[in-house]
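What follows is each chain in one-letter form.
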Amino acid sequence: MMKDVKTGKIVWLYPEDSGVTRLALVPAIDKSAAIKAAAKNFVHQAKARSVKNLVIAFCSFTADEVGKFLNVMLIENIDHTKKGSGEDKCVEAVSVHLKEEVHGKLKEVKYWVELAKGVILAKNVVNQSPSLATPDWVEEQAKELFKSADKVKITSIVGKELAEKNYGCIYAVGSGAVSPPRLVTIHYTGSPSNPAVELALVGKGVTFDSGGLNLKSTGSMETMNLDKSGACNVLAAMHCISELKLPINVVGCLALAENIIGKECYKPSDILTSFSGKTVEVANTDAEGRLCLIDALTHVQRNYKPKVVIDIATLTGACLVALGLSTGGLFTNDDKLAESLLKCSSHVDESFWQLPVFPEHGKAMKGSVADLTNSGSRYAGASTAAAFLKEFIEGDTKWAHLDIVGPAIHTYGGSVLGLGTGFGMQTLSLIHISEPTRPY
């Protein structure tokens, strides 16, 4: 038994007359990756034994290690692939016993727990069926989530009102759908004495992407209920910030639309006028996410004047080709912002890699008959998409774009269907939680 513990294995004991049914010995580990692996193995083994109530005594972990262990354990406890008759056997209750010096750092542990709850929330929303999770449904989830939050105000611009107020790009993307497109803005005021908005988060929320008239083929469409991953992450990050009552002012904007074919859907060769006033020629209706994002980016800049804007989206297949299934792309106009995001992402084991936005990438997005085109060269597609978004960053606003198309979508078991992972949510939240990494 002790040999197993020393080699890092979890050992289960079944003591008699002790008041507990099972006892697990989890080896103390001093590396982040090993803690993550131990927590994952522990909760999966507990579920396999149908354990419903856990009491965990952390004998040697620091507050940060306790938090990381609980974070991974809570996320792994819920299996979002289990639906219908194949119900997941979750652990239902967890009690924690800590050594005395950790009690003075409970706030640090709570941060990790809230981050886990945020990932679970993002996954709960993103993995809903596309016929249920329409733009109006996502808006209702946001309103329900924050109905008791006194520091949060939610406003929406919906359907024809978008067109009337000159949000022409997101309106066009959602014009073929029964559920109208909308911008849902979540304004959290944690520092009312200083009303300036430090940071805005913008999430792509295409609740289903058929490709529009440039229709996706079989094999490319089945995971497109997950094209709202960015917006779900922003929604969850805003809830995490609110629950922790952070003393900052943050805006989250959900750019929600359904890109499907209908009698009023937009068409290739349409010329759209964005909220910024710049015009965009539609070269491809399947390059719709960037059209939603640009109106949202202008919306938050002009109405809230944040110092920093971060957008997050499952945007380009090119980023998936470049970086693979486990790493997201990071694009920015500010090196310090990049440093903050990379430091936060490393701490929560969300892998990002910085990619360039060079002048030639911007030139590739210039339009023939409009200011810009929504689909440029076949080369460097992730960077040209980022360059397109950069055209809508105003003044000296610090900006970062996170392309999460690879790690945000997980396919499993040979199925064509996918699972939204909540990747990126913890990075968006931690950049506010950790004062040294705040980029404002």
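Heads up: the structure comes first, above all this text.
The residue numbering used here restarts from 1 in each chain and proceeds along that chain's sequence as written. At least 70 in pLDDT is required for a residue's local features to be given in this predicted model, at least 80 for side-chain atom pairs to be given and counted, and no such filter applies to totals for whole chains, interfaces and linings, which use all residues. As a rule here, side-chain values cover all heavy atoms of the structure and leave hydrogens and water aside.

## Regarding the overall build of the chain
Part 1 of the reasoning: Along its length, the chain carries 15 helices and 17 strands.
Part 2 of the reasoning: Radius of gyration: over C-alpha atoms. The globule rule applied is 2.2 Å multiplied by the number of residues raised to the 0.38 power. In terms of overall size, the chain behaves like a compact globule, its C-alpha atoms giving a radius of gyration of 22 Å where 440 residues would be expected to give roughly 22 Å.
Part 3 of the reasoning: Each of the three principal axes of the chain carries a C-alpha extent, and together these read 80 × 50 × 40 Å.
Part 4 of the reasoning: The burial tally for the chain puts 54% of its 440 residues in the buried class.
Part 5 of the reasoning: When contacts within the chain are restricted to residue pairs at least 6 apart in sequence, those whose partners lie at least 24 apart make up 76%.
Part 6 of the reasoning: A 1.4 Å probe and the Shrake-Rupley method give the accessible areas. Residues count as covered only by the protein chains that appear here. Split by element, the accessible area of the chain, about 19,300 Å² in all, is 52% carbon and sulfur. Going along the chain from the N terminus, every DSSP run of H or I of four or more residues is numbered as a helix, and every run of E of two or more is numbered as a strand. For each residue, the accessible area found with a 1.4 Å probe, counting protein chains only, is set against the maximum for its type, and the residue is called buried under 20%, exposed over 50%, and partly exposed in between. Should any heavy atoms of two residues lie within 4.5 Å, those residues are considered in contact.

## Observations regarding the layout of surface pockets
Part 1 of the reasoning: Detection works on a 1 Å grid of protein atoms alone, calling trapped sets that fit a 1.4 Å probe cavities and calling open sets with protein on both sides within 12 Å along at least five of seven lines pockets, with lining residues defined by an atom within 4 Å of a point. Grid points are joined across faces, edges and corners, and a volume is the space filled by probe spheres set on the points. In this structure, the largest pocket encloses a volume near 1,200 Å³.
Part 2 of the reasoning: What lines the largest pocket is a set of 43 residues, and nearest its centre among them are Pro407, His410, Thr421, Gly422 and Phe423.
Part 3 of the reasoning: When contributions to the lining of the largest pocket are tallied by element, the ones reaching two or more residues are α2 (32-48), α3 (63-77), α5 (106-126), α11 (317-323) and β16 (409-411).
Part 4 of the reasoning: Sort the elements by how many residues they give to the lining of the largest pocket and α3 lands first, with six residues.
Part 5 of the reasoning: Gly is put with the polar residues, along with every residue not named as nonpolar or charged; the nonpolar set is Ala, Val, Leu, Ile, Met, Phe, Trp, Tyr, Cys and Pro, and the charged set is Asp, Glu, Lys and Arg. Looking at the lining of the largest pocket, its residues break down into 16 nonpolar, 18 polar and nine charged.

## So, unusual backbone geometry
Excluding glycine, a negative phi dihedral is what most residues carry, and trans is how most peptide bonds are arranged.
Part 1 of the reasoning: The phi dihedral of Asn166 is positive, around 75 degrees, even though this residue is not glycine.
Part 2 of the reasoning: With respect to the element layout, Asn166 can be found in the loop between α7 (160-164) and α8 (168-173).

## Comments concerning the sheet that holds strand β9 (residues 271-273)
Part 1 of the reasoning: Whether two strands pair comes down to DSSP finding at least two bridges between them. In space, the three strands of this open sheet follow the order β9-β10-β14, with mixed pairing throughout. The two strands at the open ends of the sheet, each matched to only one other strand, are β9 and β14 (372-373).
Part 2 of the reasoning: Bridge analysis of strand β10 (residues 279-281) against β14 gives two bridges, and the strand direction is parallel. Bridged to Glu281 within β14 is Thr373.

## Looking at the pattern of salt bridges
Part 1 of the reasoning: A pair is scored as a salt bridge if a Lys or Arg side-chain nitrogen falls within 4 Å of a carboxyl oxygen belonging to Asp or Glu. By the definition in use, this model includes 15 salt bridges.
Part 2 of the reasoning: Across the pair Glu288 and Lys204 runs a salt bridge, and its minimum N-O distance is 3.4 Å. Note that Glu288 is positioned in the loop between β10 and α10 (289-304) and Lys204 in strand β7 (residues 199-209), a separation of 84 residues in sequence.
Part 3 of the reasoning: Note on Glu288: relative accessible area 2%, which makes it buried.
Part 4 of the reasoning: Between Glu394 and Arg302 there is a salt bridge, with the nearest N and O atoms lying 2.9 Å from each other. Separated by 92 residues along the polypeptide, Glu394 in the loop between α14 (381-390) and β15 (398-403) and Arg302 in helix α10 bring together distant segments of the chain.
Part 5 of the reasoning: Taking the relative accessible area as the measure of exposure, Glu394 reaches 27% and is therefore partly exposed.
Part 6 of the reasoning: The exposure class of Arg302 is partly exposed, given its relative accessible area of 38%.

## A look at the environment of Val202
Part 1 of the reasoning: Structurally, Val202 is set in strand β7.
Part 2 of the reasoning: You can call Val202 buried: its relative accessible area is 0%.
Part 3 of the reasoning: Residues Val202 and Asp311 lie 109 residues apart in sequence; the distance between their C-alpha atoms is 4.5 Å.

## Examining the sheet that holds strand β12 (residues 327-332)
Part 1 of the reasoning: Pairing is mixed in the open sheet, where eight strands are placed in the order β5-β6-β8-β7-β11-β15-β12-β13. Lying at the two open borders of the sheet, with one neighbouring strand each, are β5 (152-158) and β13 (351-354). Put simply, the sheet's adjacent strands are angled 20 degrees from each other on average, direction ignored.
Part 2 of the reasoning: Direction of pairing for β5 relative to strand β6 (residues 182-189): antiparallel, over a ladder of seven bridges. For Val152, the partnering residue across the bridge sits in β6 and is Tyr188. Angles here are taken between N-to-C directions and fall from 0 to 180 degrees, while the axes themselves are lines fitted to C-alpha atoms, restricted in helices to the stretch in contact.

## Considering the packing of helix α9 (residues 229-243) against helix α15 (residues 425-433)
Helix-helix packing: each pair is described by the crossing angle between the helix axes and the interaxial distance.
Part 1 of the reasoning: It is the contact of α9 with α15, at a shortest axis distance of 8 Å, that shows an interaxial angle of 30 degrees. For the pair α9 and α15, the crossing hand works out as right-handed. For the pair α9 and α15, contact is made by Asn233, Val234, Ala236, Ala237, Cys240 and Ile241 and by Met425, Leu428, Ser429, His432 and Ile433, respectively.
Part 2 of the reasoning: Per-class residue counts for the contact of α9 with α15 are eight nonpolar, three polar and no charged. The crossing is said to be left-handed when, going from far helix to near helix, the turn is anticlockwise and less than a right angle, and right-handed when the turn is clockwise.

## Here's the deal with the pairing of strand β11 (residues 308-313)
Part 1 of the reasoning: Of all six residues in β11, six are buried, a share of seventy percent or more.
Part 2 of the reasoning: Burial of the side chains of β11 extends over both faces: Val308, Ile310 and Ile312 are buried on one face and Val309, Asp311 and Ala313 on the other.
Part 3 of the reasoning: With five bridges connecting them, β7 and β11 associate as parallel partners. Pairing of Gly203 across the sheet is with Ile312, part of β11.
Part 4 of the reasoning: As judged from the six bridges shared by β11 and β15, these two strands associate in the parallel manner. Within the sheet, the bridge partner assigned to Ile312 lies in β15 and is Leu402.

## Concerning the side chain of Thr373
Part 1 of the reasoning: Residue position: Thr373 is located in strand β14.
Part 2 of the reasoning: Polar contact is defined as a pair of N or O atoms within 3.5 Å, subject to the rule that within protein one atom must be able to donate a hydrogen and the other to accept it, and that residues adjacent in sequence are counted only when both atoms are side-chain atoms. A distance of 3.3 Å separates a polar side-chain atom of Thr373 from the backbone oxygen of Ser375.
Part 3 of the reasoning: With sequence-adjacent residues up to four places away left out, Thr373 is seen in contact with Val280, Glu281, Ala283, Ala364, Met365, Lys366, Gly367 and Phe388.

## Some thoughts on the environment of Ala408
Part 1 of the reasoning: Looking at the element boundaries, Ala408 is found in the loop between β15 and β16.
Part 2 of the reasoning: Separated by 178 residues in the primary sequence, Ala408 and Gly230 place their C-alpha atoms 8.7 Å from one another.
Part 3 of the reasoning: Sequence-distant contacts of Ala408, that is, excluding residues within four places in its chain, are made with Ser229, Thr314, Leu419, Gly420, Thr421 and Phe423.

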